[in-house]
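# Overview (structure and organization)
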Amino acid sequence: MKLLVAIDGSEESRHALAYATDIADATDGSVVLVHAVDPSAYDRGGTEPVETPADADRRLVLESVEDAEARGLDLLDAAAAFARTLGRDVETELVYGDPVAAVTEYAEAESVDTIYVGHRGRSERTDRLFGSVAKALVERAPVPVTVVR
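Residues numbered from 1 in each chain as written. Predicted model: local features only at pLDDT ≥ 70, side-chain atom pairs only at ≥ 80, totals over all residues. Heavy atoms only, no water.

Our focus in this paragraph is the packing of aromatic side chains. For the structure on display, the rule yields one aromatic pair. Ring centres of Y19 and Y116 lie 5.9 Å apart, and the angle between their planes is 55°; this geometry places the pair in the tilted category. Highlighted residues: Y19 in helix α1 (residues 11-27) and Y116 in strand β4 (residues 114-118), separated in sequence by 97 residues. Sitting over the face of the ring of F82, R14 holds its NZ or CZ atom 3.8 Å from the ring centroid. (Phe/Tyr/Trp six-rings, centres within 6.5 Å; stacked < 30°, edge-to-face > 60°. Helix = DSSP H or I, 4+ residues; strand = E, 2+ residues; numbered from the N terminus. Lys NZ or Arg CZ within 6 Å of the ring centre and 35° of its normal.)

Right, here's the structure in full:
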């Protein structure tokens, strides 16, 4: 059995990883950790730092693709290190595109049997703006999805 865990660096994705490693141990399965970088997202607000919450509401500030890649690789490395503390070696994969599309396409292309994702990996405000990745994965994934709290 091949299990995919979507990693975003949140405590919830860490819980999903711990749960998936338990399932992998019980089923003699393998685990792959996936983090998505969306190259279409970029800074739309100028070069001045955001100083107040009102400034943040007026502009969307996202990191460069290079910074997002570096952060994604760091997140995957940290998650893999956590998995090793649980006695599990894992594969890691950085994918590109909308997180929901990239994760579901990877799952299908790599014949993943199931996906594990944290319940709420981002802030509630961000979820209202962009939608819940977990909810969208449940709706669009070609395999069963387990949402872990």
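Alright, that's what it looks like, and here's the rest.
Turning to the packing of helix α4 (residues 99-109) against helix α6 (residues 133-140), a few remarks are in order. Contact geometry of α4 with α6 gives a least axis separation of 9 Å together with a crossing angle of 40°. Here α6 runs oblique to α4, going by the angle between their axes. Where α4 crosses over α6, the handedness of that crossing is right-handed. For the pair α4 and α6, contact is made by P99, V100, A101, V103 and T104 and by V133, A136, L137 and R140, respectively. Of the residues belonging to the contact of α4 with α6, the class tally is seven nonpolar, one polar and one charged. (Axes fitted to C-alpha atoms, helices over the stretch in contact; angles between N-to-C directions. Parallel < 35°, antiparallel > 145°, perpendicular 65-115°, else oblique. Left-handed = near helix turned anticlockwise from the far one by under 90°. Contact = heavy atoms within 4.5 Å. Nonpolar A, V, L, I, M, F, W, Y, C, P; charged D, E, K, R; others polar.)

Our focus in this paragraph is α4. Among the residues of α4, V100, A101, A102, V103, T104, Y106 and A107 are the ones counted as buried. In this structure, the buried residues of α4 make contact with β1 (2-6), β2 (30-37), β3 (91-96), β4 and α6. Just past α4, the residue S111 takes up positive phi, approximately 55°. (Buried < 20%, exposed > 50% of the residue type's maximum accessible area, 1.4 Å probe, protein only.)

Turning next to the packing of α1 against helix α3 (residues 65-85). Where α1 contacts α3, the two axes come as close as 10 Å, and the packing angle between them is 40°. In terms of their interaxial angle, α1 and α3 are classed as oblique. Our pair here, α1 against α3, has a crossing hand that is right-handed. Across the interface between the two elements, R14, L17 and A18 of α1 pack against A79, F82 and A83 of α3. Of the residues that constitute the contact of α1 with α3, the class distribution is five nonpolar, no polar and one charged.

Within α6, the full set of buried residues consists of A134, A136 and L137. Seen from one end, α6 has its buried residues packed into an arc of 165°, which puts them on one side. Facing away from the buried surface of α6 by more than 90 degrees, the exposed residues are K135 and E139. Next to the buried residues of α6 lie α4, β4 and β5 (145-148). At the N-terminal boundary of α6, the capping side chain belongs to S132, with an oxygen 3.4 Å from the backbone nitrogen of A134. (Arc of directions from axis to C-beta. Polar contact = N/O pair within 3.5 Å; in protein donor to acceptor, adjacent residues only side chain to side chain.)

Okay, the pattern of salt bridges next. One pass over the full model with this rule turns up two salt bridges. For K2, the salt bridge identified is with E110, shortest N-O distance 3.9 Å. A residue pair is termed long-range when its members are at least 10 positions apart, and K2 in strand β1 and E110 in the loop between α4 and β4 qualify at 108 residues. Of the charged contacts in the structure, one is a salt bridge between R88 and D25, with a shortest N-O distance of 2.6 Å. Here the residue R88 occupies a position in the loop between α3 and β3, and D25 occupies one in helix α1, the gap between them amounting to 63 residues. The exposure class assigned to R88 is buried, which follows from its relative accessible area of 13%. (Salt bridge = Lys/Arg side-chain N within 4 Å of Asp/Glu carboxyl O.)

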